[in-house]
Amino acid sequence: MYIKKITLLFFFLLAIQTSLLFAQDDLLNELDHYSNKKTTGKSNKNKFELPAFKTLKIGNLQSTKIGDKGELYLIVSHRFGPLKDGLDTFLGLDQANTKIELLYSFWEGTQFSLSRESFEKTVALAVKSRFTKQSETFPFNLVGYATANINTELNNSRFSNYTLQDGDRMSYAVQLLASHRFSKRFSFEFAPTYVRENLQILEETGAANHNQFAMGFGGRLKLSKRVSLNAEYIHNFNRDKNSIFYNPYTFGVDIETGGHVFQLLFTNAQSSNEPGYISNAGGDIAFGFNIVRVF
């Protein structure tokens, strides 16, 4: 059902593209480090294409973009409550899950991050590393991503029937991110994913599925030099039929201005950490945003 929705969304994006005017100014250099490199003594065989994505995430799903060496990123993410609650919660704005993340690239093609999210008071470490870029001789950008998360919410009533040890609160995710820039306006990514959850509430998951495999899909449609529309969907192959959770999806718009990227989005997941949104999306659509600042 959700795959059909995402397919329809892409056709909708393509349809409205023709009705929009394009911006006149170029992207800021600090957000637009293109790589058109040639190896000495060789010609176009080593010419790299422009990057498929302009920021580090499509929405929740990681993109194949990596910060250049020496770049420091600050990302602030908010996910509000369900829109269906209406004016009682001001369309969910009375409720908020906040994540603050710092990323730094010590070496070219590799970045590290540290974050803290209010959803289950989760602390996460992550590394993202590039294997290769799309070029005239290879059709994909290939990037590896891995994260380790710890749930520090010790007094959550959901866990009252469990005797927990420190290792039980750990969760992990590993992804291979593969993207292709089809044109100046359209890029697509797929992301085979492995998630490990040491702790699961069986009344919620329906069965113990500690090891999960998923496939993510995401795309970017450029409307102007500063604005793009994005969409993503992740299918979890190990979700039990009695689980209360759903496969996550996100769609929204990126706006680049003044050294920032604003990602305004709608999603059915409260968490923006990989084990959280891939395994525990609640199903009710909510508004959220990411603010990305590079230094």
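Residues numbered from 1 in each chain as written. Predicted model: local features only at pLDDT ≥ 70, side-chain atom pairs only at ≥ 80, totals over all residues. Heavy atoms only, no water.

Enquirer: Would you mind going over the overall build of the protein with me for this structure?
Expert: Of the regular secondary structure elements, the protein holds three helices and 12 strands. Across the protein, the fraction of contacts at a sequence separation of at least 24, relative to all contacts at a separation of at least 6, is 59%. Total accessible area computed for the protein in this model is approximately 14,500 Å², and 61% of it derives from carbon and sulfur atoms. (Helix = DSSP H or I, 4+ residues; strand = E, 2+ residues; numbered from the N terminus. Contact = heavy atoms within 4.5 Å. Areas by Shrake-Rupley, 256 points an atom, 1.4 Å probe, with all protein chains shown as cover.)

Enquirer: Help me understand the pattern of salt bridges in this model?
Expert: Where charged atoms of side chains with opposite charge meet at close range, the side chains can pair. Under the defined criterion, the tally for this structure stands at two salt bridges. Note that Lys 84 and Asp 284 form a salt bridge whose closest N and O atoms lie 3.2 Å from each other. Taken together, the residues Lys 84 in the loop between strand S1 (72–82) and strand S2 (96–107) and Asp 284 in the loop between helix H3 (274–279) and strand S12 (286–294) connect sequence positions 200 residues apart. Residue Lys 84 is classed as exposed on the basis of its relative accessible area, which comes to 62%. For Glu 101, the salt bridge goes to Lys 99, with nearest N and O atoms at 3.8 Å. In this structure Glu 101 comes out as buried when scored by relative accessible area, which is 5%. (Salt bridge = Lys/Arg side-chain N within 4 Å of Asp/Glu carboxyl O. Buried < 20%, exposed > 50% of the residue type's maximum accessible area, 1.4 Å probe, protein only.)

Enquirer: Help me understand the pairing of S12 in this model?
Expert: A regular strand places its side chains so that they alternate between the two faces of the sheet. Where S1 lies against S12, eight bridges are found, and the strand directions are antiparallel. Its bridge partner being in S12, His 78 is matched across the sheet by Phe 289. With eight bridges connecting them, strand S11 (residues 260–267) and S12 associate as antiparallel partners. Counted as the bridge partner of Gln 263 is Asn 290 from S12. (Pairing = 2+ DSSP bridges.)

Enquirer: I tried to follow empty space enclosed by the protein on my own but got confused; where do I start?
Expert: If a probe the size of a water molecule is rolled over the atoms, the empty space left behind becomes visible. Summed over the entire model, instances satisfying the criterion amount to 10 cavities of 30 Å³ or more. There is about 290 Å³ of room inside the largest cavity. If you trace the largest cavity, you find 26 residues lining it, with Glu 120, Asn 151, Glu 197, Leu 199 and Asn 280 closest to the centre. At the level of elements, strand S5 (141–151), strand S6 (170–181), helix H2 (202–205) and H3 are the ones that each hand at least two residues to the lining of the largest cavity. (1 Å grid on protein atoms, 1.4 Å probe; cavity = no way out; pocket = protein on both sides within 12 Å on 5 of 7 lines; lining within 4 Å. Points joined across faces, edges and corners; volume = space filled by probe spheres on them.)

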